[in-house]
Amino acid sequence: MQNVFINSHALVPAPAPAPAEDPRQKFLSDFLRQALSQGETTFRLSVIFMSAGAIVLLCGGVLALMRHGASAGTAAALMTSLGGVLIGTCGGAFAVHANRSRKHLTAQAERVSEELRADLTREQVLALIDRIDDPVARDRLRSFSAMQSLGLAPTPDEVTNRVFPSAGSTAPEIEPTPPAS
């Protein structure tokens with residue numbers, strides 16, 4: 001960290017440079033932003049269609065009330081009401097799609113958050129391991145960390161007995177398998 005001189009008297013620490021953004025994180029952020037935008041648009045369409053359907057349905061009801069004796073007026077009122085129901089149903093379909101989209105986006109955001117948290121934790125663990133002075137312990141910790149990253153983490157008993165053997169004992173070695181006869 002560098003210091004900045006102000007008026008030749010005061011020392012103010014310079015701000016740390018911003019870390020470079022991970023391209024994966026930027027891609028995922030852009031993807032989630034686009035999915036959220038699409039979900040919002042679908043929701044707005046559902047509201048518009050349901051509102052329009054309700055208005056057309058009400059117009060059909062008004063037509064039916066105004067022309068209760070004429071058969072042509074009744075047919076027009078029925079067709080108008082049917083159109084309103086159809087438009088409202090389309091709005092409902094948009095609402096269902098928007099809800100599914102929101103649930104999917106939530107699941108994706110949780111998964112991405114877990115992956116980014118795991119990456120950050122892995123980087124912190126490796127940074128801590130690099131600060132260990134004992135090269136043998138450092139190599140064992142790196143091996144254990146690699147096993148854990150690959151999903152091959154041993155049980156706690158195996159870690160205690162094999163990865164970190166007691167003081168004075170040597171690390172167990174894998175014995176070669178005898179050749180098949």
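Residues numbered from 1 in each chain as written. Predicted model: local features only at pLDDT ≥ 70, side-chain atom pairs only at ≥ 80, totals over all residues. Heavy atoms only, no water.

1. Regarding the pattern of salt bridges
The final tally for this structure, using the stated rule, is 5 salt bridges. Of the charged contacts, one joins Arg111 and Glu115 as a salt bridge, the two residues approaching to 2.7 Å between their closest N and O atoms. Note that Arg111 and Glu115 are positioned in helix α2 (residues 71–130) at a spacing of 4 residues, about one turn of the helix. The exposure class assigned to Arg111 is partly exposed, which follows from its relative accessible area of 37%. Between Arg142 and Asp139 there is a salt bridge whose closest N-O contact spans 3.8 Å. (Salt bridge = Lys/Arg side-chain N within 4 Å of Asp/Glu carboxyl O. Helix = DSSP H or I, 4+ residues; strand = E, 2+ residues; numbered from the N terminus. Buried < 20%, exposed > 50% of the residue type's maximum accessible area, 1.4 Å probe, protein only.)

2. Examining a nonpolar patch on the surface
A cluster of nonpolar side chains, namely Leu45, Ile48 and Phe49, defines an oily patch on the protein surface of about 240 Å² accessible area. The exposure class of Phe49 is partly exposed, given its relative accessible area of 30%. (Patch = residues over 30% accessible without salt bridge, like charges linked within 9 Å, V, L, I, M, F, W, Y side chains within 5 Å. Areas by Shrake-Rupley, 256 points an atom, 1.4 Å probe, with all protein chains shown as cover.)

3. Comments concerning the packing of aromatic side chains
A full pass over the atoms with the stated rule returns 1 aromatic pair. Between Phe49 and Phe94, the ring centres sit 5.2 Å apart and the planes meet at 65 degrees, which makes this aromatic pair edge-to-face. Of this pair, Phe49 sits in helix α1 (residues 23–66) while Phe94 sits in helix α2; the two residues are 45 residues apart in sequence, bridging distant segments of the chain. (Phe/Tyr/Trp six-rings, centres within 6.5 Å; stacked < 30°, edge-to-face > 60°.)

4. Some remarks on the confidence of the model for the protein chain
Of the residues in the protein chain, 71% reach a pLDDT of 70 or more, and the chain-wide mean stands at 76. Within the model, the stretch residues 3–7 combines pLDDT values under 50 with 11 contacts to residues more than four positions away or in other chains. (pLDDT = per-residue confidence, 0-100. Contact = heavy atoms within 4.5 Å.)

5. Observations concerning helix α3 (residues 135–149)
Relative to the 21 Å expected for 15 residues at 1.5 Å per residue, α3 spans 21 Å between its end C-alpha atoms, a close match to the ideal helical length. For α3, the set of buried residues is Arg138, Phe144 and Ser145. All buried residues of α3 fall inside an arc of 125 degrees around its axis, so they share one side. Of the residues flanking the end of α3, it is Gly151, one or two places downstream, whose phi is positive at about 80 degrees. (Expected span 1.5 Å × (residues − 1). Arc of directions from axis to C-beta.)

6. Remarks on the environment of Leu57
One can find Leu57 in helix α1. Residue Leu57 is classed as partly exposed on the basis of its relative accessible area, which comes to 37%. Considered as a pair, Leu57 and Leu82 are 25 residues apart in the sequence and their alpha carbons are 7.3 Å apart. Excluding residues within four positions of it along the chain, Leu57 makes contact with Ser81, Gly84 and Val85.

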